[in-house]
Amino acid sequence: MGAPTYSVDGFVREFLHELNTNQGVTLSRSSVNDQYLALASTVKNYLMARWLETNRKTQDAKVKTIGYLSAEYLLGSQLNNALLASDLHDIAAEGLRQCGLSLPTLRAQEIEPGLGNGGLGRLAACFIDSLATMNVPCIGYGIRYEYGIFRQTFVDGRQVEQPDTWLALGAPWEFPHPEASVVVNFGGTTERYTDVDGEERCRWNPEWNVLAVPYNYMVPGYLNGRVNTLRLWSAVATKAFDLQIFNAGDYAQAVRAQTFAENISKVLYPEDSTPQGKELRLQQQYFFVAASLRDFINNELEEGFDLHNLSDRIIFQLNDTHPVIAVPELMRILIDEEGFEWEEAWEATRKCFAYTCHTLLPEALEVWSTELLGRLLPRHLELIYQINEHFLREVHETFPGDEIRARRMSLIVEDREQGVRMAHLAAVAATKINGVAALHSQLLRDKVLKDFADLWPDRFTNVTNGVTPRRFVRMANYKFADLLNDTLGSGWVTDLERLRELEPYAEDEDFKARFREVKAWNKRRLTGLLEARDGIALPEGHMLDVMVKRLHEYKRQSLKLLHIVSLYEQVLSGKIAAADVTPRTVLFGAKAAPGYRMAKDTIHLINKVAEVVNNDARLEGRLKVAFPANYNVTLAEKLIPAADLSEQISLAGMEASGTGNMKFALNGALTIGTDDGANVEIRQLVGDEHFFLFGMTEPEVADLGAAGYNPASYYESNENLRDALNLILSGHFSGGNRHLFDSVVLNLINQDRFMALADFQSYVDAQARVEERYADQEAWTRSAILNVARTGYFSSDRSMRDYLQRIWHTTPMI
Ligand code: GPU
């Protein structure tokens, strides 16, 4: 069959053909899953010629490719994106209708690939979307986890994790290539020897290995004919592995060995920003990185390519420190396998890597024990020690006699046990180091990596994060997209700064009415979804106040909760009349790392508060709390367009950037937020009048910390705050059990590392300003429109342009 034609008839023919030949069923006997899988195949067929053509052209052009190395890709649903990118949506909807089927029903059959935890993984997905759309050659490299981020359920208000079996009903978007598998080695010893030319060399004699099998995914650009590749690796046992044991006659042991190998890509570690130092995680990191380097060198370069010039053809972007082991791996390839001298190997290697840091939290910076590293990757540990020697020599030359500085900067930390600081390794190797928002990059230079910025100021730069307007506006909020198209034309989808042209419409009564109608429609859509999905009833006419992100103390879900409890307590105690409460539904979405006790206790508390508040008639239905389980990309796409208020309330200096904040603003929610991460830039762009700022600034936080922070003093001096905390301590939300939430409440009163109590009053005051604005719907709508008009900067297309100019030094293909 040739390329399928762009007509309803052509589509129907193709679809029925896929149903018959791929699923082996006729339409009348097909299940919804059959139909979904056939639809996916059909869409792939439409994209296929462009994918093959993209690969051919890119290889022929011999241009520089971006190798995005990321342990996480939080892709979200594939079907809708592929329909959009291929301009097939309307044809498919009509074709399916003619077959007696409905596109929304088939769409609901898809389980999103949740191969990431949160912001970092979602950012990677936005970036590869933008690169494809901008016609930039990019291969995304990562891991095909058999189980992605766990499915969250609530049992009696407590989080219970279920395995994410996203592959169970078929994986129509992937193309496995077992014939292109790569061997990845582990363990063993290193050995010095003299080669035929009399050179002293080193070799690694590994003890075991696994096969990395590539699974390719299409990454289609938006209506531009480009389809890039996402290559995710899956681990299987090598023949040698089990044969050896099998020959020894132990069949059971051989099968166990296979399981051991396949464990490597079995499951995504669910800790967000708090690495656990587990051996399997280091195996995962080396596994995908070693396979990716091998793959690029062997398959993307022509025979005989001179690896001295490798950086002409690839720049590997390190998505946080997770893939940093790629640095010694490339050194090993160049020195041990290609016979490079140290200096030439280092020069070639360094030019091939750039490093993005995504955090400021010290506990989020990965440190691998040298015991573990040396056991798993003995040659790499030697190379790291050598890199460190060369590096510390440079430090001593630049800062003679500054022994303390050299200790601070060393790649090796001598703690209870010796470890390798992966962020330092990344900083030493990378041509460029970037933070993910202006404030974050400044704090990286001034604090976290200050010594490195002193040594190499030019290596540091900023690229503020962004989000893809295709998924998060065009797809998620298509009613709004229609309004934008009617008003501005459709160019904004790939040129988001054009949203500026909306500014005059903030004064246009007709436009404002249509804008409000879109918001109302999105709320109705969400109401229907939550009813069906969770049995949650969203009341009509409420302000929808949304806080969705991973559950983490620094993000301060507990501060939002204190605001709710305080409002409720004030009604109970008669300090305010229920009639004076602005009708509001607070919606939470958050997963907690399974081992993070405080986060899980906070989820439990939110659910218990919701139960009581939602059923207390004294509130006259004016305050509701909703917490749908299992917040993911699919839910975000329904939730964000419906929101009125976006909660971005981390302690200043803690959230590197945030990207949810951008999605909400672009969908016409107003932000209540601290001066943190990208909030700073959002506020500067939209203007103070259209942003509800509260809380301490980062320097104020630092000063308070230095002066000695005493949360109990806020508890004692702020009556509303005390009454709210006391209401929890009284057992009001726990059936009289006074101690159920001690962990959360006593921690706030006594420790409160993230200073929620210090910012409480300021937060409450800002919420009063929110209510005032909301009471004036004309003014609110005006602010919301201006938020959209002024946040086009936060397109991930702009982020990619910044990377291209400041870091990658390459341009799109023409
Ligand atoms: N982030 Br480190 C994660 O999602 N996971 C991590 O392990 C680390 C950082 C987030 C930051 O918390 C968030 O502020 C940022 O917007 C996002 O990465 C993308 O840069």
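Residues numbered from 1 in each chain as written. Predicted model: local features only at pLDDT ≥ 70, side-chain atom pairs only at ≥ 80, totals over all residues.

A few words now on the overall build of the chain. Counting its secondary structure elements, the chain contains 32 helices and 25 strands. Here the C-alpha radius of gyration of the chain, 27 Å, is about what a compact globule of 814 residues would show, namely 28 Å. Projecting the C-alpha coordinates of the chain onto the three principal axes gives extents of approximately 90 × 75 × 60 Å. Considering the chain as a whole, with its 814 residues, one finds that 51% of them fall into the buried category. Taking contacts inside the chain between residues at least 6 apart in sequence as the whole, the part at least 24 apart equals 76%. (Helix = DSSP H or I, 4+ residues; strand = E, 2+ residues; numbered from the N terminus. Rg over C-alpha atoms; globule rule 2.2 N^0.38 Å. Buried ≥ 20, exposed ≤ 12 C-beta atoms within 10 Å, placed from the backbone. Contact = placed C-beta atoms within 7 Å.)

This brings us to the packing of helix α10 (residues 326-337) against helix α11 (residues 342-350). Helix packing geometry: the angle between the two helix axes and the distance between the axes. With their axes 9 Å apart at the nearest point, α10 and α11 run at an angle of 135° to one another. Here α10 lies oblique to α11, going by the angle between them. At the point where α10 passes α11, the crossing takes the right-handed sense. Packed against α10, whose contacting residues are V327, L330, M331, L334 and I335, the element α11 presents W342, A345, A348 and T349 at the interface. For the contact of α10 with α11, the per-class residue count stands at eight nonpolar, one polar and no charged. (Axes fitted to C-alpha atoms, helices over the stretch in contact; angles between N-to-C directions. Parallel < 35°, antiparallel > 145°, perpendicular 65-115°, else oblique. Left-handed = near helix turned anticlockwise from the far one by under 90°. Nonpolar A, V, L, I, M, F, W, Y, C, P; charged D, E, K, R; others polar.)

Burial analysis of strand β9 (residues 189-194) places just zero of its six residues in the buried class, which makes it a mostly uncovered element. Bridge analysis of β9 against strand β10 (residues 200-205) gives six bridges, and the strand direction is antiparallel. Following the sheet pairing, R192 is matched in β10 by C202. Hairpin connection, β9 to β10: the antiparallel pair is bridged by five residues, and G198 has positive phi, about 80°. (Pairing = 2+ DSSP bridges.)

The next subject is the site of the ligand. Every one of the 19 residues lining the ligand counts as a neighbour, but G119, L120, H358, T359 and S657 are closest to it. A class-by-class count of the residues in the shell around the ligand yields five nonpolar, eleven polar and three charged. Composition of the shell around the ligand by domain shows at least three residues from each of domain 1 (62-77 + 112-464 + 801-808) and domain 2 (469-488 + 517-794). (Near = placed C-beta within 6 Å. Domains from an automatic or database assignment.)

We now examine the domain arrangement of the chain. When cut into domains, the chain gives domain 1 (62-77 + 112-464 + 801-808) and domain 2 (469-488 + 517-794). Between domain 1 and domain 2, the C-alpha centre-to-centre distance is 35 Å. Residue-level contacts link 38 residues of domain 1 with 33 residues of domain 2. For the side of domain 1 that touches domain 2, the secondary-structure elements that each account for two or more residues are α6 (119-133), β5 (151-155), β6 (158-162) and α16 (438-448). Considered class by class, the residues forming the side of domain 1 that touches domain 2 number 13 nonpolar, 17 polar and eight charged.

Turning to unusual backbone geometry, a few remarks are in order. In this structure, D87 takes a positive phi of about 60° despite not being glycine. Structurally, the position occupied by D87 is in the loop between α3 (79-85) and α4 (89-98).

Here we come to the confidence of the model for the chain. Looking at the chain as a whole, its pLDDT mean stands at 97, while 99% of the residues score no less than 70. On the interface metric, ipTM, the complex scores 0.97, and its pTM is 0.98. (pLDDT = per-residue confidence, 0-100.)

You can see A93 is positioned in helix α4. Since 16 C-beta atoms lie within 10 Å of it, A93 is described here as partly exposed. In this structure, the C-alpha to C-alpha distance between A93 and V43, residues 50 residues apart in sequence, is 12 Å.

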